[in-house]
Amino acid sequence: MVNIAFLGPLGTYTHQAALQQFPDKDANYIPLAGIPQCFEALIKDASLDFAVVPLENSTNGQVVFTYDLLRDLMNNCKEYKGNEAIPELEVVAEQYVSIELCLIAAQPMSLDDLNSETRVTIHSHPQVWGQASSYLKNLGQRVQELKTVDSSSTSGAVKICCEAGQPSGNEVVLAIASRTAATVNGAAIVDSPINDRKGNTTRFLTLRRRSTDFPPIPARPPVAKGVEQVALLTFIGKQDTSPGSLVDVLNVLKDHEINMCSISSRPYHHPDSSSKADESAHRKWQYIFFIEFNHADGVSWDQVVHEMGSKTLKFCFWGTFYRNGRYYETST
Ligand SMILES: O=C(O)C(=O)Cc1ccccc1
């Protein structure tokens, strides 16, 4: 039996990602209330083997909650080897889910019921608003008032919508989530798909506790020739003391003719930012970088990672994983 925590409740897109990653009949899926809880539970609960969390969306980018949790795990790390942070978790796989956003009501209703007299409240995960912004703008122009309310997950939003029950007067409570979330909650789909872009896809990561050979990393695709492997590295550059320090890190990839697949950043705050020991270390507008890059023949991951790390203030090698075949799916 393999125990997998995921951003629940049942019916979330992350639930779908966990089902895709662990299609095994002896997998046990454990829904948790939020992304922080997935990180915390995987670290503290030895009965959990993996956690699946959303990372980024093809329409509106980073799921910043996950990026910030990786940042904070590195920043609060107790174990170091030189300037390399060794946090409790590592990344072992990626997964992709095509996102069909549905407008959902507790009971069947027509889109025409949403009119100039109606005051609409829509619940969903904050990641959704940027994926259906045009639809929501048009809907907002058709109704008297449109309010959006953040929820910890899309399927959780459907539960809230169902608990609100029948519309009272001109007040209508809706949710945006997947078709599965509507089914799981016995709710009705009012309109679908409502995402702004076709092929809208969210990427998920699977994490496990580091330095364990157990549980074995999820079934890897056959290592056919050309199946890409990807590494995830985070680092704090020598931003103030060494002009061009970011280039120095990236040049390691260039020198080894390694392709970089992604780069992004998030605000970074020095761990003991309460103290004023060193103003420059604690000033605002500092960044942690997230870089993903491919494997290159003839050079080991460790060699590349430590060459890059030597040009940073501190870094963390989160692990390597195989590029999931769904990465290549075109906008369907
Ligand atoms: O809330 C969910 O269903 C999630 O899994 C997070 C999320 C939200 C919106 C798009 C993709 C993933």
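- Looking at an unreviewed UniProt entry, the chain carries the name prephenate dehydratase, with the source organism given as Lachancea thermotolerans.

Topic: the overall build of the chain
1) Next: Scanning the chain for helices and strands turns up 10 helices and 17 strands.
2) Next: With the principal axes as the frame, the chain shows a C-alpha extent of 65 × 50 × 35 Å.
3) Next: Buried residues in the chain amount to 49% of all 332 residues.
4) Next: Considering only contacts in the chain between residues 6 or more positions apart, those separated by 24 or more positions represent 81%.
5) Next: When the accessible area of the chain is evaluated, it comes to approximately 15600 Å², of which 52% is carbon and sulfur surface.
6) Next: Placing the 29 positive and 37 negative side-chain charges of the chain at their respective mean positions leaves the two points 2 Å apart.

Concerning helix α8 (residues 245-255)
Residues spaced three or four apart along an α-helix point in a common direction, a consequence of the helix completing one turn every 3.6 residues.
1) Next: Every buried residue of α8 is listed here: Ser-245, Val-249, Val-252 and Leu-253. With its buried residues spanning 110 degrees around the axis, α8 presents them on a single face. Turned more than 90 degrees off the buried face of α8, the exposed positions are Lys-254 and Asp-255.
2) Next: On the buried face of α8, the contacting elements are β14 (229-237), β15 (260-267), β16 (287-294), α10 (301-309) and β17 (312-322).
3) Next: Immediately beyond the C-terminal end of α8, within one or two residues, lies Glu-257, with a positive phi of roughly 55 degrees.

With respect to the sheet that holds strand β8 (residues 102-105)
1) Next: Here five strands make up an open sheet; going across it, the order is β10-β9-β11-β8-β12 and the pairing mixed. If you trace the sheet from one side to the other, it starts and ends with β10 (145-150) and β12 (188-191), each paired once. Neighbour to neighbour, the strand axes of the sheet diverge by 35 degrees on average, direction disregarded.
2) Next: Sheet topology note: the strand β9 (residues 119-124)/strand β11 (residues 171-177) ladder contains five bridges and is parallel. Bridge pairing links Arg-119 to Glu-171 in β11.

Some remarks on the UniProt feature "domain: Prephenate dehydratase" (unreviewed entry) in the chain
1) Next: The sites that carry the UniProt feature "domain: Prephenate dehydratase" (unreviewed entry) are, in the present numbering, residues 3-209.
2) Next: Structurally, residues 3-209 comprises 30% helix and 34% strand, and the distance from its first C-alpha atom to its last is 13 Å.

With respect to the site of the ligand
1) Next: Neighbouring the ligand are Leu-7, Thr-12, Tyr-13, Thr-14, Ile-99, His-125, Gln-127, Val-128, Gln-131, Ser-153, Thr-154 and Thr-202.
2) Next: Within the side chain of Thr-14, an N or O atom sits 2.5 Å from an oxygen atom of the ligand.
3) Next: With respect to the ligand, the side chain of Thr-154 contributes an N or O atom lying 2.4 Å from an oxygen atom.
4) Next: When the ligand is considered free in solution it has 320 Å² of accessible area, and contact with the protein chains removes 100% of it.
5) Next: Residue assignment for the shell around the ligand shows that the elements contributing at least two residues are α1 (13-21) and α4 (126-129).
6) Next: Of the residues assigned to the shell around the ligand, the class counts are four nonpolar, eight polar and no charged.
7) Next: Here the shell around the ligand spans two domains, and each of domain 1 (2-98 + 201-328) and domain 2 (102-191) adds at least three residues to it.

How each quantity is defined
Residues numbered from 1 in each chain as written. Predicted model: local features only at pLDDT ≥ 70, side-chain atom pairs only at ≥ 80, totals over all residues. Heavy atoms only, no water. Helix = DSSP H or I, 4+ residues; strand = E, 2+ residues; numbered from the N terminus. Buried < 20%, exposed > 50% of the residue type's maximum accessible area, 1.4 Å probe, protein only. Contact = heavy atoms within 4.5 Å. Areas by Shrake-Rupley, 256 points an atom, 1.4 Å probe, with all protein chains shown as cover. Lys, Arg positive; Asp, Glu negative; His and termini not counted. Charge placed at Lys NZ, Arg CZ, Asp CG, Glu CD. Arc of directions from axis to C-beta. Pairing = 2+ DSSP bridges. Axes fitted to C-alpha atoms, helices over the stretch in contact; angles between N-to-C directions. UniProt positions renumbered as here; feature names shortened; annotations may be inferred. Near = heavy atom within 4 Å. Polar contact = N/O pair within 3.5 Å; in protein donor to acceptor, adjacent residues only side chain to side chain. Nonpolar A, V, L, I, M, F, W, Y, C, P; charged D, E, K, R; others polar. Domains from an automatic or database assignment.

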